[in-house]
Amino acid sequence: MKKNIHNATCYEAFHQAEEVCENCPCRRCLETGNTEKSVIAVPDESGEGLQYFEVTGIPLRDAKGKVSSAIEISRNVTERVQTNYEIQHISERKDNELK
């Protein structure tokens with residue numbers, strides 16, 4: 001993650017990218033006018049693994065009700081994603097043992 005994120009976009013700060021993420025929930029919320037969510041993988045600080053963030057884009061509306069901007073909220077869900085992967089892996093292994 002970029003150390004100095006002052007005046008940086010989220011894709012600059014989290015992905016060191018120059019363009020908006022393909023599955024960006026903020027971009028989608030600006031297009032749809034609805035709250036949008038995505039889980040986005042980001043390299044961890046070591047560069048060897050991944051961290052997962054649930055990113056929520058919430059549209060903000062002006063006095064006339066038109067979407068004018070968005071707020072992004074990011075929550076680290078790495079532990080949840082890893083736990084779900086482990087559960088799935090164990091379940092698949094048990095299914096294979098029963099065959």
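In this report, the structure presented in the accompanying data block is examined. (Residues numbered from 1 in each chain as written. Predicted model: local features only at pLDDT ≥ 70, side-chain atom pairs only at ≥ 80, totals over all residues. Heavy atoms only, no water.)

With that settled, consider the overall build of the chain. Assigned secondary structure in the chain consists of three helices and three strands. Start at the N end of the chain and walk to the C end: the helices and strands fall as α-α-β-β-β-α. On C-alpha atoms alone, the chain measures out to a radius of gyration of 18 Å, which is more than a quarter above the 13 Å that the 2.2 N^0.38 rule sets for 99 residues. If you line up the chain on its principal axes, its C-alpha atoms span 60 × 30 × 20 Å. Across the 99 residues that make up the chain, the buried fraction comes to 21%. As presented, the chain carries roughly 7500 Å² of accessible surface, and 49% of it is formed by carbon and sulfur atoms. (Helix = DSSP H or I, 4+ residues; strand = E, 2+ residues; numbered from the N terminus. Rg over C-alpha atoms; globule rule 2.2 N^0.38 Å. Buried < 20%, exposed > 50% of the residue type's maximum accessible area, 1.4 Å probe, protein only. Areas by Shrake-Rupley, 256 points an atom, 1.4 Å probe, with all protein chains shown as cover.)

Moving on to the pattern of salt bridges. In this structure the tally under the stated criterion is three salt bridges. The shortest N-O distance in the salt bridge between Arg75 and Glu54 comes to 2.8 Å. Placement of the pair is Arg75 in strand 3 (residues 67–76) and Glu54 in strand 2 (residues 50–61), with a sequence separation of 21 residues. Note on Arg75: relative accessible area 46%, which makes it partly exposed. When its relative accessible area of 14% is taken as the criterion, Glu54 is described as buried. When the shortest N-O distance is used, the salt bridge between Arg80 and Glu54 registers 3.7 Å. Of this pair, Arg80 sits in helix 3 (residues 78–98) while Glu54 sits in strand 2, placing them 26 residues apart in sequence. Through salt bridges with shared partners, a single network forms among Glu54, Arg75 and Arg80. (Salt bridge = Lys/Arg side-chain N within 4 Å of Asp/Glu carboxyl O.)

A separate point is the side chain of Glu54. In terms of polar contacts, Glu54 uses its side chain to reach the side chain of Arg75, at 2.8 Å. Ignoring anything within four residues of it in the chain, the contact list for Glu54 reads Lys37, Ser38, Val39, Ile73, Ser74, Arg75, Val77 and Arg80. (Polar contact = N/O pair within 3.5 Å; in protein donor to acceptor, adjacent residues only side chain to side chain. Contact = heavy atoms within 4.5 Å.)

Taken in spatial order, the three strands make up an open sheet running 1-2-3, and their pairing is antiparallel. Two strands close off the open sheet at either side, each with one partner strand: strand 1 (36–43) and strand 3. Between one strand axis and the next, the sheet turns by 30° as a mean value, whatever way the strands run. Bridge count between strand 1 and strand 2: eight bridges; the pairing is antiparallel. Of the residues in strand 2, the one forming a bridge with Lys37 is Thr56. Contacting strand 1, strand 2 and strand 3, helix 2 (residues 25–32) runs over the sheet at an angle of about 160° to strand 1. Where helix 3 meets the sheet, its contacts fall on strand 1, strand 2 and strand 3, and the angle it forms with strand 2 comes to roughly 125°. (Pairing = 2+ DSSP bridges. Axes fitted to C-alpha atoms, helices over the stretch in contact; angles between N-to-C directions.)

We now examine a nonpolar patch on the surface. Taken together, the side chains of Leu60, Ile71 and Ile73 define a hydrophobic patch exposed on the protein surface, amounting to about 230 Å² of accessible area. Take Ile71: its relative accessible area is 40%, and that puts it in the partly exposed class. (Patch = residues over 30% accessible without salt bridge, like charges linked within 9 Å, V, L, I, M, F, W, Y side chains within 5 Å.)

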